[in-house]
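# Results of the structural survey
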Amino acid sequence: MSNPHDLHCHSTYSDGQLSPDELLARAVGAGVGMLSITDHDTIEAYSQISSVPAELALIPGIEFSTTWGSKGVHILGLGIDVDSPVLEAAVASQAMARQQRAEEIGQKLEKHGIKNAFENSLRLSAGQAPGRVHFARHLVEVQVVANMREAFKKYLGDGKAGDVRQHWAPLDQIIEWIRQAGGIAVLAHPLKYQMTRTRLRRFLAEFIEYGGQGMEVISGKQQPFETSDMARLSTEFGLLASCGSDFHEPGRLWAELGRYEPLPQRCEPVWSRFQPHKAESNTSTMPLR
Ligand code: MN
Ligand code: MN
Ligand code: MN
């Protein structure tokens, strides 16, 4: 079971384990012909690619974090212009939000007697400001706790010291940024939020009102009934359908590049809206910044 379209994966520039070049090579090996690297709140990967294999169409993308009510929600921007000044400002704003929250977590942990948690977690987070997982790894490293589970149970889980509110830009702002950067806003992995159907419908209505145009119908390996359910929802709301693995690292078999079924026939694929690859240069690389 494989799919030649994978529009959701992560590189070392967010929380993935492969470099952008390694990702492209792995995609080709997996029979993927269209790939988007969608790192969390950054497009740094696109300036680090040495060349795009001729058999691969690379669609510039990003995965933005936001909140809707008290829920964390992820919005993909697909087909964005990575040189867009709007996008550059958006990425800087999200980085600031990430940084503020990380510093707050650090301060809270300091009050619990854990010194320099922010600085130390920063080392473990590959350039982006650390998130709770990185703080947890640090706590394990310095043996304040025995394992990740204990780190969350005692310090970082809901209601604990490190449970600090996110400062992400709101949903309407995120969608506006994506549109201004020439991209299509796509709701990532709708089934992961564990929203009731009523709430998910309310979300989609609002998402569309703000200019959202697509949703992931397939996110990695999932049950056939889930796929047909999401396909039905996408056609009902007139949303473009996307699919992706949410690949982070080799070895997770339910999230491997292109390793899932094709989109159902009834869906209108999001790639029907992408500009055809411009053949203006005689190299195989897409214009990158
Ligand atoms: Mn991730
Ligand atoms: Mn996500
Ligand atoms: Mn993701």
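About the thresholds
Chains are numbered independently. Their residues run from 1 in the order of the written sequence. Lettering for chains starts from A, numbering for ligands starts from 1, and both go in the order in which the items are written. Side-chain atom pairs in this predicted model are given and counted only at pLDDT of 80 or more, local residue features only at pLDDT of at least 70, and totals for whole chains, interfaces and linings cover all residues. The side-chain figures draw on all heavy atoms in the structure; neither hydrogens nor water molecules are used. Stacked, edge-to-face and tilted are the three classes for Phe, Tyr and Trp ring pairs, Trp counted by its six-membered ring, which pair at centre distances within 6.5 Å; planes under 30 degrees apart are stacked, over 60 edge-to-face, the rest tilted. The helix and strand labels rest on DSSP assignments: H or I over at least four residues marks a helix, E over at least two residues marks a strand, and numbering proceeds from the N terminus. Buried, partly exposed and exposed residues are distinguished by accessible area as a fraction of the type maximum, computed with a 1.4 Å probe on protein chains only: under 20%, between the cut-offs, and over 50%, respectively. Patch membership requires more than 30% relative accessible area and the absence of a salt bridge. Residues of like charge join within 9 Å; the nonpolar side chains Val, Leu, Ile, Met, Phe, Trp and Tyr join within 5 Å. All accessibility values rest on the Shrake-Rupley procedure with a 1.4 Å probe; residue burial counts only the protein chains present in the view. Here, a salt bridge means any side-chain nitrogen of Lys or Arg that lies within 4 Å of a carboxyl oxygen of Asp or Glu. All tallies of charge rest on Lys and Arg as positive and Asp and Glu as negative; His and the ends of each chain are not included. A charged residue contributes its charge at one atom only: NZ of Lys, CZ of Arg, CG of Asp or CD of Glu.

### With respect to the packing of aromatic side chains
If you walk through the whole model with that rule in mind, you get three aromatic pairs. Between the aromatic rings of tryptophan 68 and phenylalanine 203, the centroid separation amounts to 5.1 Å while the plane-to-plane angle is 85°, which identifies the pairing as edge-to-face. With tryptophan 68 in strand E4 (residues 61–68) and phenylalanine 203 in helix H7 (residues 197–209), the pair connects residues that are 135 residues apart, well separated along the chain. Overall, tryptophan 68 belongs to the buried group, its relative accessible area being 9%. Accessibility expressed as a relative area gives 0% for phenylalanine 203, which makes it buried. Aromatic side chains phenylalanine 203 and phenylalanine 207 sit 5.8 Å apart centroid to centroid with 20° between the ring planes, which places their arrangement in the stacked category. Of this pair, phenylalanine 203 and phenylalanine 207 both sit in helix H7, four residues apart, which is roughly one turn of the helix. Phenylalanine 207 gets classed as buried once you look at its relative accessible area, which sits at 0%. Within the aromatic cluster, the residues linked to one another by ring pairs are Trp68, Phe203 and Phe207.

### Quick look at a negative patch on the surface
On the surface, Glu103, Glu104, Glu110 and Glu119 cluster together into a negatively charged patch. Here the negative patch gets three residues from one element, more than from any other, and that element is helix H2 (residues 85–111). As for its position among the elements, glutamate 110 is in helix H2. The exposure class of glutamate 110 is partly exposed, given its relative accessible area of 34%.

### Digging into the environment of alanine 205
Its place among the elements puts alanine 205 in helix H7. Judged by its relative accessible area of 37%, alanine 205 falls in the partly exposed class. C-alpha of alanine 205 to C-alpha of leucine 239: the two residues are 34 residues apart in sequence and 11 Å apart in space.

Geometry only, nothing functional implied.
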